[in-house]
Each structure stands twice: as structure tokens, then as C-alpha cells.
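# Structural characterization, general
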Amino acid sequence: MLPLTFIQKAIGSNILLELKNGDSYGGLLSDVDTWMNLKLENVIITKADGSQFYSAAEVYARGAFIKNIRFEEQVLTAALESVQPIQKQYISEQPEEKKPRTHKKHFNGKGKKKRQNNNNNNRRRNR
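Residues numbered from 1 in each chain as written. Predicted model: local features only at pLDDT ≥ 70, side-chain atom pairs only at ≥ 80, totals over all residues. Heavy atoms only, no water.

### Overview of the sheet that holds strand β1 (residues 14–19)
- Reading across from one edge, β4-β3-β2-β1-β5 is the order of the 5 strands in this open sheet, with antiparallel pairing throughout. Two strands lie at the open edges of the sheet, namely β4 (53–61) and β5 (66–71), each paired on one side alone. When strand polarity is set aside, the average angle formed by the axes of neighbouring strands in this sheet is 30°.
- Inspection of the sheet shows β1 paired to strand β2 (residues 24–32) by 5 bridges, in the antiparallel sense. Paired with Glu18 across the bridge in β2 is Ser24. (Pairing = 2+ DSSP bridges. Helix = DSSP H or I, 4+ residues; strand = E, 2+ residues; numbered from the N terminus. Axes fitted to C-alpha atoms, helices over the stretch in contact; angles between N-to-C directions.)

So this is what it looks like as C-alpha cells:
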């Protein structure tokens, strides 16, 4: 499963973001876009050193600054269960065996006809 698809399945659940500067944001994931920018609601912001805590109604976290995302275990199990039937389908299908390519005997690799050595060709040369 792709990370963006996984994050989209987590919309509506609580997550914990760790940013590259060390700050962490914990809140309800309400939206995600194609660049993995996340919108959180009812957020608790913790500074990198753990000395300060803030509360915010809404936070928009840019995807390029996100270092780590933690999900609830229910989200992880639900996402894995949705993927397993697809994986089983691919595993159960046996790949077809490929037949070796055979070249026609009267053609060489360049698409031109090979000269066949038969009695008629030999007679013409001998005349």
C-alpha cells in the first residue's frame, strides 16, 4: 500500500506527527492532499525539548517538514485487512510459463531469407 493511500484511510482518526525540527503535533486528522500536507483539528503541540505545550483548534502541517507519523493501532489493522485480499489474489494466480522464442529456419536475424543449399542452387553454380 502506498503511503498516501494509507494516510487517506486514516482520515477521522487521531495521529501524532513529529516534525523535522523536533516539535510534535497530536490531533484528529481531517484532511490530506497529494503532497502529504496534513490538516489536524483539536491539536496539542509539544516543543522539541518538551518544556512547552500549546493547544490549537486547527493546524496545517506541510508534508515536506513531516519526519514521522504515528497512527492508532485500529487504523493499522483496518488498512492491513483491506490489503490482504488483494495480495492473496496475486499469490494464488500462477504465472504463465513463457515458451522459448523460436526463429524460423529460413530467415536470419535481419529479416532476409537465408540462401538454402539444395541441389538446384549447386547445379546453377556449376554451369
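### Comments concerning the nonpolar core
- Ile15, Leu17, Tyr25, Leu29, Leu38, Leu40 and Phe71 are the most contacted members of the largest nonpolar core, which totals 20 residues.
- Only α1 (3–9), β1, β2, β3 (38–46), β4, β5 and α2 (73–92) provide two or more residues apiece to this core.
- The element contributing the most residues to this core is β3, with 4 residues.
- In contact with Ile15, not counting residues within four places along its chain, are Tyr25, Gly26, Gly27, Leu29, Leu38, Leu40, Ile69, Arg70 and Phe71. (Core = buried A, V, L, I, M, F, W, Y, C linked by side-chain atoms within 4.5 Å. Buried < 20%, exposed > 50% of the residue type's maximum accessible area, 1.4 Å probe, protein only. Contact = heavy atoms within 4.5 Å.)

### A closer look at the packing of aromatic side chains
- One pass over the structure, following the stated rule, counts 1 aromatic pair.
- With centroids separated by 4.8 Å and ring planes inclined at 90°, the aromatic side chains of Phe6 and Phe71 adopt a geometry described as edge-to-face. With a gap of 65 residues between them, Phe6 in helix α1 and Phe71 in strand β5 connect regions that are remote in the sequence. Of the two residues examined, Phe6 and Phe71, each falls in the buried class. (Phe/Tyr/Trp six-rings, centres within 6.5 Å; stacked < 30°, edge-to-face > 60°.)

### A few points about the pattern of salt bridges
- Per the counting criterion, the structure on display carries 3 salt bridges.
- The residue Asp23 makes a salt bridge to Lys47 at a minimum N-O spacing of 3.6 Å. Here the residue Asp23 occupies a position in the loop between β1 and β2, and Lys47 occupies one in the loop between β3 and β4, the gap between them amounting to 24 residues.
- Judged by relative accessible area, Lys47 falls into the partly exposed class, the value being 29%. (Salt bridge = Lys/Arg side-chain N within 4 Å of Asp/Glu carboxyl O.)

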